[in-house]
Amino acid sequence: MNRRVTKAIFPVAGLGTRFLPATKSIPKEIMTLVDRPLIQYAIDEARAAGIEEFIFVTSRGKGALEDYFDHAHELEANLERAGKKDLLDILKSTNMDSGAIAYVRQHKALGLGHAVWCASRLIGDEPFAVLLPDDVIAAEKPCLQQMVEAYQETGGNMVAAMEVPAEKASSYGVLDIREDMGALVSVKGMVEKPKAAEAPSNLAVIGRYILSPGVLRNLEAKQQGAGGEIQLTDAIAREIATSNNVYGYRFRGQRFDCGSKAGFLQATVAFGLARAELRDEFQQFLLEMTAMRKAAE
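If you're wondering where the values come from, they're calculated on a predicted model, not measured in any experiment.

**Here we look at the overall build of the protein**
Part 1 of the reasoning: Regarding its fold elements, the protein presents 11 helices and 13 strands.
Part 2 of the reasoning: Taking 297 residues into account, the globule formula puts the C-alpha radius of gyration at 19 Å, and the protein, at 20 Å, falls close to it.
Part 3 of the reasoning: The C-alpha extent of the protein, read off along each of the three principal axes, is 60 × 55 × 40 Å.
Part 4 of the reasoning: With 297 residues in all, the protein has 46% of them scored as buried.
Part 5 of the reasoning: Considering only contacts within the protein whose residues lie at least 6 apart along the sequence, 74% involve residues at least 24 apart.
Part 6 of the reasoning: A gap of 4 Å separates the mean positions of the 35 positive and 39 negative side-chain charges of the protein.

**Re the packing of helix α3 (residues 73-81) against helix α4 (residues 85-92)**
Part 1 of the reasoning: Following both chains from N to C, one finds α3 and α4 inclined at 155°, their axes separated by 8 Å at the closest point. Relative to α4, the element α3 lies roughly antiparallel. Crossing geometry of α3 relative to α4 is assigned as left-handed. Listed contacts from α4 to L75, E76, L79 and E80 of α3 are L87, L88, L91 and K92.

**With respect to the nonpolar core**
As a rule of thumb, nonpolar side chains are buried together in soluble globular proteins.
Part 1 of the reasoning: Judged by nonpolar contacts, the single largest core of 38 residues is most densely connected at F10, I39, F54, F56 and L144.
Part 2 of the reasoning: Of all the elements in the fold, those that place two or more residues in this core are β1 (7-11), α1 (38-48), β4 (53-58), β6 (128-131), α7 (143-154), β8 (157-163), β11 (203-211) and β12 (246-250).
Part 3 of the reasoning: With 6 residues, α7 is the single largest residue contributor to this core.
Part 4 of the reasoning: If near-sequence neighbours (up to four positions away) are discounted, F54 is found in contact with A8, F10, I43, A46, R47, M96, A100, I101 and A102.
Part 5 of the reasoning: Counting residues in hydrophobic clusters, the runner-up holds 31 residues, among them V57, V130, A235 and I240.

**Remarks on α1**
Part 1 of the reasoning: By the criterion of burial, α1 is predominantly enclosed, with 8 of the 11 residues buried.
Part 2 of the reasoning: Listing the buried residues of α1 in full gives L38, I39, Q40, Y41, A42, I43, E45 and A46.
Part 3 of the reasoning: At the C-terminal side of α1, G50 shows a positive phi close to 95°.

**Notes on the packing of aromatic side chains**
Part 1 of the reasoning: For the structure shown, the criterion picks out 8 aromatic pairs.
Part 2 of the reasoning: Judged by centre distance (5.0 Å) and plane angle (15°), the rings of F10 and F56 are stacked. Taken together, the residues F10 in strand β1 and F56 in strand β4 connect sequence positions 46 residues apart.
Part 3 of the reasoning: We classify F56 as buried; its relative accessible area is 0%.

**Some words on the packing of helix α10 (residues 261-273) against helix α11 (residues 276-296)**
Geometrically, a packed helix pair is captured by the angle between its two axes and the distance between the axes.
Part 1 of the reasoning: Contact geometry for α10 and α11: axes closest at 8 Å, N-to-C directions at 135°. Between α10 and α11, the angle falls in the class oblique. Seen from α10, the contacting residues are T268, V269, G272 and L273; seen from α11, they are L278, R279, F282, Q283 and L286.
Part 2 of the reasoning: For the contact of α10 with α11, a count of residues per class yields 5 nonpolar, 3 polar and 1 charged.

**Digging into a nonpolar patch on the surface**
Part 1 of the reasoning: Taken together, F285, M289 and M292 make up a surface patch of nonpolar side chains, about 310 Å² in accessible area.
Part 2 of the reasoning: With respect to the element layout, F285 can be found in helix α11.

**Considerations on the pattern of salt bridges**
Part 1 of the reasoning: Counted according to the given criterion, the structure contains 15 salt bridges.
Part 2 of the reasoning: With a closest N to O distance of 2.8 Å, D134 and K28 form a salt bridge. You can see D134 sitting in the loop between β6 and β7 (135-138) and its partner K28 sitting in the loop between β1 and β2 (32-33), a full 106 residues away along the chain.
Part 3 of the reasoning: Here R275 makes a salt bridge to E277, at a shortest N to O gap of 2.8 Å.
Part 4 of the reasoning: Its relative accessible area of 53% is what places E277 among the exposed residues.

**Focus: the side chain of K7**
Part 1 of the reasoning: You can see K7 is positioned in strand β1.
Part 2 of the reasoning: Looking at K7, its side chain comes within polar contact range of the main-chain oxygen of L122, at 2.8 Å.
Part 3 of the reasoning: Within the structure, K7 has its side chain in polar contact with the backbone oxygen of I123 (distance 3.4 Å).

**What to know about the environment of E45**
Part 1 of the reasoning: For E45, the location among the structural elements is in helix α1.
Part 2 of the reasoning: The spatial distance from the C-alpha of E45 to the C-alpha of P142 is 5.7 Å, given a sequence separation of 97 residues.
Part 3 of the reasoning: The contacts of E45, once residues within four sequence positions are left out, are L131, P142, C143, L144 and R208.

**Let's talk about the environment of R178**
Part 1 of the reasoning: Looking at the element boundaries, R178 is found in strand β9 (residues 173-180).
Part 2 of the reasoning: With a relative accessible area of 43%, R178 lands in the partly exposed category.
Part 3 of the reasoning: Note: C-alpha distance between R178 and G189 (11 residues apart in sequence) is 8.2 Å.
Part 4 of the reasoning: Dropping the residues within four chain positions of it, R178 is found in contact with S186, V187, K188 and N244.

Conventions we followed
Residues numbered from 1 in each chain as written. Predicted model: local features only at pLDDT ≥ 70, side-chain atom pairs only at ≥ 80, totals over all residues. Heavy atoms only, no water. Helix = DSSP H or I, 4+ residues; strand = E, 2+ residues; numbered from the N terminus. Rg over C-alpha atoms; globule rule 2.2 N^0.38 Å. Buried < 20%, exposed > 50% of the residue type's maximum accessible area, 1.4 Å probe, protein only. Contact = heavy atoms within 4.5 Å. Lys, Arg positive; Asp, Glu negative; His and termini not counted. Charge placed at Lys NZ, Arg CZ, Asp CG, Glu CD. Axes fitted to C-alpha atoms, helices over the stretch in contact; angles between N-to-C directions. Parallel < 35°, antiparallel > 145°, perpendicular 65-115°, else oblique. Left-handed = near helix turned anticlockwise from the far one by under 90°. Core = buried A, V, L, I, M, F, W, Y, C linked by side-chain atoms within 4.5 Å. Phe/Tyr/Trp six-rings, centres within 6.5 Å; stacked < 30°, edge-to-face > 60°. Nonpolar A, V, L, I, M, F, W, Y, C, P; charged D, E, K, R; others polar. Patch = residues over 30% accessible without salt bridge, like charges linked within 9 Å, V, L, I, M, F, W, Y side chains within 5 Å. Areas by Shrake-Rupley, 256 points an atom, 1.4 Å probe, with all protein chains shown as cover. Salt bridge = Lys/Arg side-chain N within 4 Å of Asp/Glu carboxyl O. Polar contact = N/O pair within 3.5 Å; in protein donor to acceptor, adjacent residues only side chain to side chain.

Below is the structure:
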């Protein structure tokens, strides 16, 4: 039996420039899909997977993100006096226990690998997860929970993976596959943002990882990779050479890239239609809008 994964890193230091001007005053991770911030989806997924310690790698201007997980005593008291138990339960579900959450600063934007390394002292010599809140995954069983269950059999290092069109490979880290075992693949190499003609497969890494302490030791060297940044993919790839223990996991679910405007809008529609209390009215609106656009053309 492999060690339990109880710690997770959430890299949230980015400036969110693709969502300006909204992100001039609020962290991108606080932007909402329907009525829940992006970060709440990531936290809920981590909790479902058994994560107990939550480590946020932040930067200046992220105070609202920290406040979000604090107790809102006055609001809770008002809801309780008004007898609004349903809303009170929703509010309490966003609270984090004292000591369960920690914040470390990334002072320079040196890449995802550097952001993960910033949390290394809080990880120690344990396996850990990394969740990128920009990647929101709709799944019957949360993605990280699927991965944790598979990790109990494999150990080592595991990355969430999905198939992408060849022309989009240059936007991802791409797996070079040693053995395809269905949901799991054994990995013999990883290439960060390859040209379409040079991609070793169409299986791309997305923002869920279960990693060994060896990856943190690899990041200690702070070697720059693609784009002049310290790439997490490169540190994982070095584990292949030394330990041969890296796996890709084809998760069951639909991933939305909420780091892009189009992906954020797509997620909003998908999550809105998934809500029983919103579905009929929202779907009718979408049908009417589609009909109006067709008529205008």
